Amino acid sequence: MADCIFCKIAAGEINARIVYEDPDTLAFLDLNPQAPTHALVIPRRHIPRLTAAADTDAELLGKLQLAAARTAKALKVDGAFRLVTNNGKAAGQSVDHLHYHLLGGRKLLWPPG
Ligand code: AMP
């Protein structure tokens, strides 16, 4: 997608601190971290949000979950972390490219608010 900032990161057109990548997904550090460890895990292919995913995206969504686990391991927070997606503006979504926030490195409260 031409105007999507995360597509541009995936294409290497905008710099990001990439902490994990494979042919279908990548993870990079969030610019405005909400925890000592805060990465964003995205599919390279543009999907606006989780509810926009189609049946044909099932394999990619599975790969995204595995990428998140590998990212947690790479960042040494695999013992305790939170994986969350904001789906829709009212849920806090500000970038319309599916992404999971991977948060760790501090005690995470529940409910998140
Ligand atoms: P959300 O509000 O759930 O859509 O999350 C979008 C996240 O993207 C926010 O936490 C932002 O801090 C983060 N963000 C926006 N632009 C960039 C960027 N260029 N590099 C890294 N993180 C970004």
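Everything here concerns the structure above.
Residues numbered from 1 in each chain as written. Predicted model: local features only at pLDDT ≥ 70, side-chain atom pairs only at ≥ 80, totals over all residues. Heavy atoms only, no water.

Quick word on the sheet that holds strand β4 (residues 81–84)
Within the open sheet, the five strands sit side by side as β1-β2-β3-β5-β4. Their pairing is antiparallel. Each edge of the open sheet is held by one strand with a lone partner, namely β1 (18–21) and β4. Direction aside, the axes of adjacent strands within the sheet are offset by 20° on average. Pairing geometry for strand β2 (residues 25–29) and strand β3 (residues 37–43), over five bridges, is antiparallel. (Pairing = 2+ DSSP bridges. Helix = DSSP H or I, 4+ residues; strand = E, 2+ residues; numbered from the N terminus. Axes fitted to C-alpha atoms, helices over the stretch in contact; angles between N-to-C directions.)

Focus: the site of the ligand
In the vicinity of the ligand lie 16 residues, with D30, N86, G92, S94 and H101 positioned nearest. Between the ligand and the protein, one listed contact pairs an oxygen atom with a side-chain N or O atom of D30 at 2.5 Å. In this structure, H101 approaches the ligand through a side-chain N or O atom, which is 2.8 Å from an oxygen atom. When isolated, the ligand has an accessible area of 500 Å², and the protein chains bury 83% of it. Breaking the shell around the ligand down by element, the ones donating at least two residues are α1 (5–10) and β2. (Near = heavy atom within 4 Å. Polar contact = N/O pair within 3.5 Å; in protein donor to acceptor, adjacent residues only side chain to side chain. Areas by Shrake-Rupley, 256 points an atom, 1.4 Å probe, with all protein chains shown as cover.)

Side note on the environment of A67
You can see A67 is positioned in helix α2 (residues 58–74). Along the sequence, A67 and N86 sit 19 residues apart, while their C-alpha atoms lie 18 Å from each other. When sequence neighbours within four positions are dropped, the list of residues in contact with A67 reads Y20, D22, T25 and V41. (Contact = heavy atoms within 4.5 Å.)

Focus: unusual backbone geometry
At the junction of W110 and P111, the peptide bond is cis and its omega measures out at 5° in the coordinates. Located in the positive-phi region is K76, a residue other than glycine, with phi close to 65°. Along the chain, the position of K76 falls in the loop between α2 and β4. Take K76: its relative accessible area is 73%, and that puts it in the exposed class. (Buried < 20%, exposed > 50% of the residue type's maximum accessible area, 1.4 Å probe, protein only.)

Details of the side chain of T37
In this structure, T37 sits in strand β3. Beyond its immediate stretch of four places on either side in the chain, T37 contacts L75, V77, L102, L103 and G104.

Re the packing of aromatic side chains
According to the stated counting rule, one finds one aromatic pair in the structure shown. Ring centres of F6 and F28 lie 5.3 Å apart, and the angle between their planes is 75°; on these two criteria the pair is classed as edge-to-face. Here F28 lies in strand β2 and F6 lies in helix α1, a separation of 22 residues in the sequence. Grouping residues by exposure puts F6 and F28 together as buried. (Phe/Tyr/Trp six-rings, centres within 6.5 Å; stacked < 30°, edge-to-face > 60°.)

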